[in-house]
Amino acid sequence: MQSKRNWKEYNEKLVRRGELYISLDFLENWDEELNRMNEGKVGRPFRFPRTFMCFLAFLHVAFLPLRQMEGFLRKLSEYIPELKVADYSTVCKRLRKLDFELSSNLGEDLVVAIDSSGMKITNRGEWIRHKWKTRKGWIKAHIAIDVKTRKLLALKITDERTGDGKMLKPLVKQIKGRGGEISRVYGDGGYDSRENFNYLAENNVEPVIKIRSNSSTKSRGSPSRAKRVREPKRVRS
């Protein structure tokens, strides 16, 4: 008989995804990263590490215009003395040149959480329009995160018309293409489809995807999904 899922552990892993959004890990390696960035550099040296700029890029896209961001950093530095404040013009210049680098050779037995977030770009400044070649409306960032390390494993950008479910396969392919071997994928109900369950089963990946509440236990076309549909019913009994 199959053992019951540890739902407390499952919920905690999903909650940990939120830690990515406010990670201050860049403070630990501030000087070391700057030394690497400035090694052999011609001209004025960098004063702020790249990981710090990635953190500011998230804040800018999510809710903070550049000038308000400078004020936010000033206030934050009162509580974190080692945090150096970047003025808004410096942030603007760095963000326009910022590119995202995803590491290769990701390793084995990866436990991955996938999700997406819509971002309104009409009033979010020149950097977003320049970076993603979009003039108005919304963009969606589809991401895959290593649950254990909270590191970004895959990233895809689409417009608001692209459903979450269609992006599971591209995200998994991106991870596999960079040497990652996935053992399990977590996702919410937006990824619940026979196609996704079948794709994960074909690649020997355990799907931990929230099933729609009205799903039939006789789900056809995907043995993997049918098994997952019946599982929570046994847990509740």
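Reading the values: rules and limits
- Residues numbered from 1 in each chain as written.
- Predicted model: local features only at pLDDT ≥ 70, side-chain atom pairs only at ≥ 80, totals over all residues.
- Heavy atoms only, no water.
- Helix = DSSP H or I, 4+ residues; strand = E, 2+ residues; numbered from the N terminus.
- Contact = heavy atoms within 4.5 Å.
- Buried < 20%, exposed > 50% of the residue type's maximum accessible area, 1.4 Å probe, protein only.
- Arc of directions from axis to C-beta.
- Axes fitted to C-alpha atoms, helices over the stretch in contact; angles between N-to-C directions.
- Left-handed = near helix turned anticlockwise from the far one by under 90°.
- Nonpolar A, V, L, I, M, F, W, Y, C, P; charged D, E, K, R; others polar.
- Phe/Tyr/Trp six-rings, centres within 6.5 Å; stacked < 30°, edge-to-face > 60°.
- Lys NZ or Arg CZ within 6 Å of the ring centre and 35° of its normal.
- Pairing = 2+ DSSP bridges.

Asks: Would you explain the overall build of the protein chain in this entry?
Replies: Helix and strand content of the protein chain: nine helices and five strands. Going residue by residue from the N terminus, the α and β elements of the protein chain occur as α-α-α-α-α-β-α-β-β-α-β-α-β-α. Across the protein chain, every contact between residues at least 6 apart in sequence was considered, and the portion connecting residues at least 24 apart equals 55%.

Asks: Is there a simple way to think about helix α5 (residues 88-97) in this case?
Replies: Count 3.6 residues to each turn of an α-helix, and residues three or four apart come out pointing the same way. If you check which residues of α5 are buried, you get T90, V91, R94 and L95. Projected down its long axis, α5 shows its buried positions confined to an angular sector of 125°, all on one face. For α5, the exposed residues set more than 90 degrees away from the buried face come down to K93 and K97.

Asks: Help me understand the packing of helix α4 (residues 66-79) against α5 in this model?
Replies: Helix packing for two helices is described by the angle between their axes and how far apart those axes are. Here α4 crosses α5 at 115°, and the two axes come no closer than 8 Å. Relative to α5, the crossing made by α4 is right-handed. Of the residues in α5, those touching α4 at L66, R67, M69 and E70 are Y88, V91, C92 and L95. Here the contact of α4 with α5 is composed, by residue class, of six nonpolar, no polar and two charged.

Asks: Quick question: what am I supposed to make of the packing of aromatic side chains here?
Replies: The relation between two aromatic rings is expressed through the spacing of the ring centres and the mutual angle of the planes. Under the criterion given, the structure shown has six aromatic pairs. An angle of 40° between the planes, with centres 5.2 Å apart, marks the rings of F26 and F55 as tilted. Placement of F26 in the loop between α1 (7-16) and α2 (30-38) and of F55 in helix α3 (residues 50-62) is noted, with a sequence separation of 29 residues between them. Classification of F26 as buried rests on a relative accessible area of 7%. The exposure class assigned to F55 is buried, which follows from its relative accessible area of 8%. Put simply, the rings of F26, W30, F48, F52 and F55 touch in pairs and so form one group of aromatic residues. Positioned over the ring face of F46 is K41, at 4.9 Å from the centre of the ring.

Asks: Teacher, can you tell me more about the pairing of strand β3 (residues 152-159) here?
Replies: Each regular strand carries side chains that alternate between the two faces of the sheet. Pairing of strand β2 (residues 138-146) with β3 involves seven bridges; the strand directions are antiparallel. Each bridged residue has a counterpart across the sheet, and for I139 the counterpart in β3 is D159.

Asks: What should I look at first to understand the environment of Y191 in this one?
Replies: Take Y191: it is sitting in the loop between β4 (180-187) and α8 (194-202). On the basis of relative accessible area, Y191 is assigned to the buried category, the value being 0%. Separated by 19 residues in the primary sequence, Y191 and K210 place their C-alpha atoms 7.9 Å from one another. Contacts of Y191, omitting those with residues within four sequence positions, involve I114, D115, S116, D164, G165, L168, N196 and I209.

Asks: Please explain the environment of N198 as it appears in this structure.
Replies: You can see N198 is positioned in helix α8. On the basis of relative accessibility, which here comes to 23%, the residue N198 falls in the partly exposed class. Here the alpha-carbon distance between N198 and S224, two residues 26 residues apart in the chain, equals 6.6 Å. Not counting residues within four places of it along the chain, the set of residues in contact with N198 comprises G221, S222 and P223.

Geometric descriptors of this kind do not, in isolation, establish any biological role.
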